[in-house]
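Now for the letters of each chain:
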Amino acid sequence: MNKAVNNGVWSGSWVAERLGVELLGDPELTDLLGLALRRNPKRAHLLVSNVLGKHVPQSPSIVYGYGFTLGHRVRDLLGPGESRRAVVLGYAETATGLGHAVADGIAVAPYLHSTRRPVPGVATAGGFEESHSHATSHLLLPENPALLAGEGPLVLVDDEFSTGNTVLNTIRDLHERYPRDRYVVVALVDMRSAADAGRLDEFAAEIGARVDLVAAASGTVRLPAGVLEKGQELVARYEAGGAGTGDSSSAAPSRLTAQFPAPPKTHLDADSPGARGTARPATTGWHPADNRTRRVDLRWPRNLPDGGRHGFTPAHRIRLEAALPAMAARLAEALPEEANRVHILGFEELMYAPLRLARELEQIVGADVAYSTTTRSPVLAVDDPGYAIRTRLTFPAHDTPADGPGDRYAYNIAGAGFDAVVAVVDSRGDTPELHGLLAELAAHTPHVVLAVVPSYVPERPPMLPEPLRGPAFSSYAPEEVGWLLQDLSDVTLEAPTEEREEAIQSGGAHYAESLPVEYQPSEQYQELFHSALDEAAGRIALAVGAVTELVLAERSPHPVLVSLARAGTPVGVLMRRWAQYRHGLDLPHYAVSIVRGRGIDANALRYLAAHHDPADVVFVDGWTGKGAITRELADAIREFEESDGITGFDPEIAVLADPGSCVKTYGTREDFLIPSACLNSTVSGLISRTVLRSDLVGPHDFHGAKFYRELAGADVSVEFLDAVAARFPDVTDAVATLAKELLAADRTPTWEGWTAVERISEEYGIHDVNLVKPGVGETTRVLLRRVPWKILARAGAGADLDHVRLLAEQRGVPVEEVAELPYTCVGLIHPKYTRGATGADGRAVAV
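Reading guide: rules and limits
Residues numbered from 1 in each chain as written. Predicted model: local features only at pLDDT ≥ 70, side-chain atom pairs only at ≥ 80, totals over all residues. Heavy atoms only, no water. Helix = DSSP H or I, 4+ residues; strand = E, 2+ residues; numbered from the N terminus. Buried < 20%, exposed > 50% of the residue type's maximum accessible area, 1.4 Å probe, protein only. Contact = heavy atoms within 4.5 Å. Areas by Shrake-Rupley, 256 points an atom, 1.4 Å probe, with all protein chains shown as cover. Pairing = 2+ DSSP bridges. Axes fitted to C-alpha atoms, helices over the stretch in contact; angles between N-to-C directions. Patch = residues over 30% accessible without salt bridge, like charges linked within 9 Å, V, L, I, M, F, W, Y side chains within 5 Å. Salt bridge = Lys/Arg side-chain N within 4 Å of Asp/Glu carboxyl O. Lys, Arg positive; Asp, Glu negative; His and termini not counted. Charge placed at Lys NZ, Arg CZ, Asp CG, Glu CD. Polar contact = N/O pair within 3.5 Å; in protein donor to acceptor, adjacent residues only side chain to side chain. Parallel < 35°, antiparallel > 145°, perpendicular 65-115°, else oblique. Left-handed = near helix turned anticlockwise from the far one by under 90°. Nonpolar A, V, L, I, M, F, W, Y, C, P; charged D, E, K, R; others polar. Phe/Tyr/Trp six-rings, centres within 6.5 Å; stacked < 30°, edge-to-face > 60°. Lys NZ or Arg CZ within 6 Å of the ring centre and 35° of its normal.

**Student:** Looking at this model, I keep getting lost on the overall build of the protein chain. Mind explaining?
**Tutor:** From N to C terminus, the protein chain includes 21 helices and 32 strands. The 847 residues of the protein chain split such that 61% are buried. For the protein chain, the proportion of contacts with a sequence separation of at least 24, taken over those separated by at least 6, is 78%. Element-wise, carbon and sulfur atoms account for 51% of the exposed surface of the protein chain, whose accessible area totals about 31,600 Å².

This is the structure:
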C-alpha cells in the first residue's frame, strides 16, 4: 500500500468510498495502484500507478527497476535465441518509458513505441486505435520498418492490461501485415475481468500464434452499476465548486498547506538495478536566470535517438550508457548545493531519456531524486490523502501538436516540497509556449532547470529521380513506358562474349556487371525476323489480349504495369495498348531491373510504393523458361518487405507465354517464337540489358542501362509494337473466348519446366541448371549473348526455329533433335567454359 505517502491511507480509498469501486486480486495491487477520476466520457475511474513515473513522483530506480525486471522475465520466458529475434513495442504515452526499460531488461532487443506525434517525412508503418483513451490514434513511425517485419517474437508493453482490446487490436492489425508465430504481452498490472481473461487464448487460436502474458501483479476492478454516470457527476461537481480540489495552477493557488512527503520506496525484485552510491560531485553554484529558470546543455550525443519513437537499437543503448554519467554530472552541477529534494519532470512521450537521467543523477547526488512526466490526460485533482492525484498544474501544449493547442498537466508536484525541478523536454517542445510550464513550476519550487534533448528525426534518403522516358532515353514514346533506371550510356560496359563467359563461370564476375557486345543482325537474319513477325503477330495479339484480361479481372481494375527490363518491356507496352484499345484505360507502365542472384531493384520498388498502391502493381515479363526469375522475384519481394516494411507487392508475374508452367497469369503456355526475343536492344527501345555494379550503382540509385542511340537505323521496336497492335481488331472475339476459358481453368503452376531442366542438366553432364536455358526465347538469348555448347530441338519443330538454326550455324553450334522435349528447343551453355574449351571456339556472331 501507499500508506507511507498518505499517513496509512490507501490512495484509492476516496474513489472507492464514493463510487463503490473495488480492487480485487494480489495483495501488492494497492502498493502499485491508487485511484482517481478523470474527465473522460468513456471511463470514469483511472488506475494511477505508483511505479510508472507518470502521475506520481517516484524514485527513478524504482520506476526503471520494475520495467527492467519485467524484461528479465520476458528474456527467461523466450530463451536466449528467441530474445535475440524479439522486438519490443511500447504504447504512447504512458508506457513509452516502461517499454524501453523492458527492452533494456531483455538486453538484446530493439525498441519502438507508438506515437501521437506525426513526423514530416517519416512514413507511417502502421497504426491502431485505443478505444477507451482520451486521445485514441497511435502511429508507428520506425526509421527502419524491418523492426515490424521480422519473424521473431513481438513484445507489447503497456502500463495496465484491462480489457485487452488495445493490445489485441494492435496484434490483429500487425499480424495481417507482418505475421509471426509468437507475441508476449507485458504490463505492470493485469486487471482483466474473468470474461476478458479467456479472450487471450481464443485470440491466439484465431490467429494461429502463441500469445503469452507477463505482469508484475494481477487482479480486477469491480465496478458497480451506474459508476460512469456517478463519476461524471462527481467530477463536474468538484470542478465547478473548486472546494477540495488540488488545482494548483497560477490561476488557482494550491490548497495544500503541508509539503508532499518523499516518494514511496516500493518493493523491487532482487535482480533490479540499484543505486551505485550517493557521492555528490562538485557543483558550479546556482546562477538563476529569468523566472528562476536555468538552462543546462546536456551535450546529448549526436544522432542518438531521444527515445523509441523511430526505433532504439542495442547499439544505441550502448552509446547512451556511455554518455549518461557525463550528462548526469552536468545536471548535478546545475542544481543548488542546498537542494535536498530534486524532481526530474519528463515530457509526455519523452519518458525514457528523463528517467535514465534521473536514475543516473540519483546515484551521484546526496539529495532525494523523484521522477514523473507531464501528460495529456485530464484528471481531477483532489486534496485528500486517500486520493492518488493530490495537485494539478495546468499549462498550454508547447510542442505544436498535430491536433492543435490544448491544456497539458503535471500532477503531484505542487505542494510536494521539491527544492528544484529539472524539466526535460525534447527540442520539438522547446517553444515560446514552454514558458507556461516553466512559470507554473517556478510558482511551486525555488529553482527550475531546463534540459533540452534534441528531437531525433531520421535522415531522409535522397529523393529518387523521375523515370527516364523517350526520346531522351529509349525509342519508345514517353507515355508508353517510364524506365526506373539510371542512364549509363556514356560508360564503356561491353566485353567480348567469350571473355564475359569465362569470368561469369569462374566466379570472377557477375553477368550483370558488364554487357555483351550488341549483336547486329545480318540481312538474312533481318528477313527471318520480319517473316516471323508477319507470321506470329496475330498469335501474339491474342496472347497479349488474354493476359491483359486476366490481369484486369483478377489482379486490379486499374493495374500499374511494371515490366521486368528488358524482355518484359515490349509486352508491357502491348498490354497497355490493349487496355487502352479494349477498355479505354490509360495504365501507368514502368520498366524495372531484376538481376538473377541479386534480386529486384529495391529503389524502384520504393519509388513505386511512394507513387502507387503496391497492391495494384503487376509485374510483367515476356515468357518463362524454367522459372528462375519467377522464384527470384518472390524471394526479392519477401526480402524487401523485411528490410523496408512495405507490403502489398504481389510477386506473381504476368507473362505472354508460360511454357514452363511457372505462373498462373499468362496468355498461352505454348512455346513459340516471340519475335521480340530474336533481337536485343533494337526490338526493346534501344535499351541494353540492365547493369548492377557497385562502382556505378550506389545505395540510393536505380540500376543502370545504356541507350544505344547509334543503333537507331536498325531499330524495329515501334515496328514490332505496331504490327502486333494492328491485329487487335482481328482477335477481339477470340480474346474474349480465350480469357473466359482461362478464368475458368485450373492454372496452378506445375513447374514441369523446372523438372525437365533438372533432368537435362544431369543427362548431359552439366550439373548446373543455370546453364540450361529452355524455350525459344531463352535459347535465342544463349546464341546472342553467351557461349553456347549445343541446341536441343524438338523433332519436327518448324518455322519457329528458323532463326535459331541460322544463329547456331553462324556460331558453329550443333543442333540436336530430341523426340521427347517439353519445350520447342533448349539452349545449353558450355559448361566450365574457358576460351580454350573443346566445343566452343568463341567466334563472334557473323555480321
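**Student:** Can you help me understand the sheet that holds strand S5 (residues 111-113) in this one?
**Tutor:** Pairing between sheet strands relies on hydrogen bonds along the backbone, with the strands arranged either parallel or antiparallel. Read from one edge to the other, the open sheet built from 6 strands follows the order S1-S10-S9-S8-S4-S5, with strand pairing classed as mixed. The open sheet is flanked by strand S1 (22-25) and S5, the only strands paired with a single partner. Across the sheet, the axes of successive neighbouring strands diverge by a mean angle of 30°, strand direction being ignored. Note: strand S8 (residues 154-161) against strand S9 (residues 182-190), 7 bridges, orientation parallel. Considered in S9, the bridge of Val155 is made with Val184. In the packing of helix H3 (residues 60-85) onto the sheet, contacts are made with strand S4 (87-90), S8, S9 and strand S10 (210-222), and the angle to S10 comes to roughly 160°.

**Student:** It is not clear to me how unusual backbone geometry should be interpreted in this structure. Could you clarify?
**Tutor:** With the exception of glycine, most residues fall at negative phi, and the peptide bonds are largely trans. Here the bond from Ala92 into Glu93 is cis, since omega is -5°, no more than 30 degrees from zero. Structurally, Glu93 can be placed in the loop between S4 and helix H4 (96-106). Across the junction of Ala565 and Arg566, the peptide omega takes the value 0°, indicating a cis bond. The backbone of Thr400 shows a phi angle near 50°, a positive value even though the residue is not glycine. Note on Thr400: relative accessible area 59%, which makes it exposed. A positive phi angle, near 60°, is found at Trp751, a position not held by glycine. Residue placement: Trp751 occurs in the loop between helix H18 (728-744) and helix H19 (752-763).

**Student:** Help me understand the sheet that holds strand S16 (residues 420-426) in this model?
**Tutor:** What the 5 strands build is an open sheet, ordered S11-S17-S16-S12-S13; its pairing is parallel. Edge positions in the sheet fall to strand S11 (293-296) and strand S13 (368-373), since each has one partner strand and no second. Each adjacent strand pair in this sheet contributes to an overall mean axis angle of 20°, direction not counted. Relative to strand S17 (residues 447-453), S11 runs parallel, the two sharing 4 bridges. Residue pairing across strands places Thr293 opposite Val448, the latter belonging to S17. Here helix H9 (residues 314-334) sits on the sheet and contacts S11, S16 and S17; the angle it forms with S11, its principal contact strand, is near 155°.

**Student:** Sorry if this is basic, but what is going on with a negative patch on the surface here?
**Tutor:** A grouping of Glu151, Asp181, Glu639 and Glu642 is seen on the molecular surface, where their side chains present a negatively charged patch. When you line up the elements, Glu642 lands in helix H16 (residues 628-644).

**Student:** I would appreciate a short explanation of the side chain of Arg192 in the present structure.
**Tutor:** Secondary-structure assignment places Arg192 in the loop between S9 and helix H7 (194-207). Side chain to side chain, Arg192 and Asp190 meet in a polar contact 2.9 Å long. Once residues within four sequence positions are removed from consideration, Arg192 is found in contact with Phe161, Ser162, Thr163, Ala197, Leu200, Leu213, Gly219 and Thr220.

**Student:** Explain the side chain of Ser717 to me, please; I cannot follow it from the model alone.
**Tutor:** Checked against the element boundaries, Ser717 lands in helix H17 (residues 717-725). With a relative accessible area of 0%, Ser717 lands in the buried category. Excluding residues that lie within four positions of it along the chain, Ser717 makes contacts with Ser475, Tyr476, Ser681, Thr682, Val683, Ser684, Gly685 and Leu686.

**Student:** Is there a simple way to explain the packing of H3 against helix H10 (residues 352-362) in this structure?
**Tutor:** Helix packing geometry: the angle between the two helix axes and the distance between the axes. Packing of H3 against H10 brings their axes to within 8 Å, and their N-to-C directions diverge by 125°. Relative to H10, the element H3 lies oblique. Between H3 and H10 the crossing geometry is left-handed. In this structure, H3 contributes Pro60, Ser61, Val63 and Tyr64 to the contact, and H10 contributes Tyr352, Leu355, Arg356, Ala358, Arg359 and Glu362. Taken together, the residues of the contact of H3 with H10 sort by class into 6 nonpolar, 1 polar and 3 charged.

**Student:** When you look at the packing of aromatic side chains in this model, what are you seeing that I'm missing?
**Tutor:** Centre distance and the angle of the planes are the two values used to describe a pair of aromatic rings. One pass over the full model with this rule turns up 15 aromatic pairs. An angle of 85° between the planes, with centres 5.0 Å apart, marks the rings of Trp578 and Phe728 as edge-to-face. Highlighted residues: Trp578 in helix H14 (residues 568-583) and Phe728 in helix H18, separated in sequence by 150 residues. Each member of the pair Trp578 and Phe728 is classed as buried. For the ring pair Phe619 and Phe649, a centre distance of 6.3 Å and an interplane angle of 40° mean the geometry is tilted. You can see Phe619 sitting in strand S25 (residues 617-623) and its partner Phe649 sitting in the loop between H16 and strand S26 (653-657), a full 30 residues away along the chain. Both residues of the pair, Phe619 and Phe649, belong to the buried class. Here Arg631 stacks its cationic end above the ring of Trp751, 4.4 Å away from the centre of that ring. Directly above the aromatic system of Trp754 lies the positively charged group of Arg631, at a separation of 4.0 Å from the ring centroid.

All we've got here are geometric facts, nothing functional implied.
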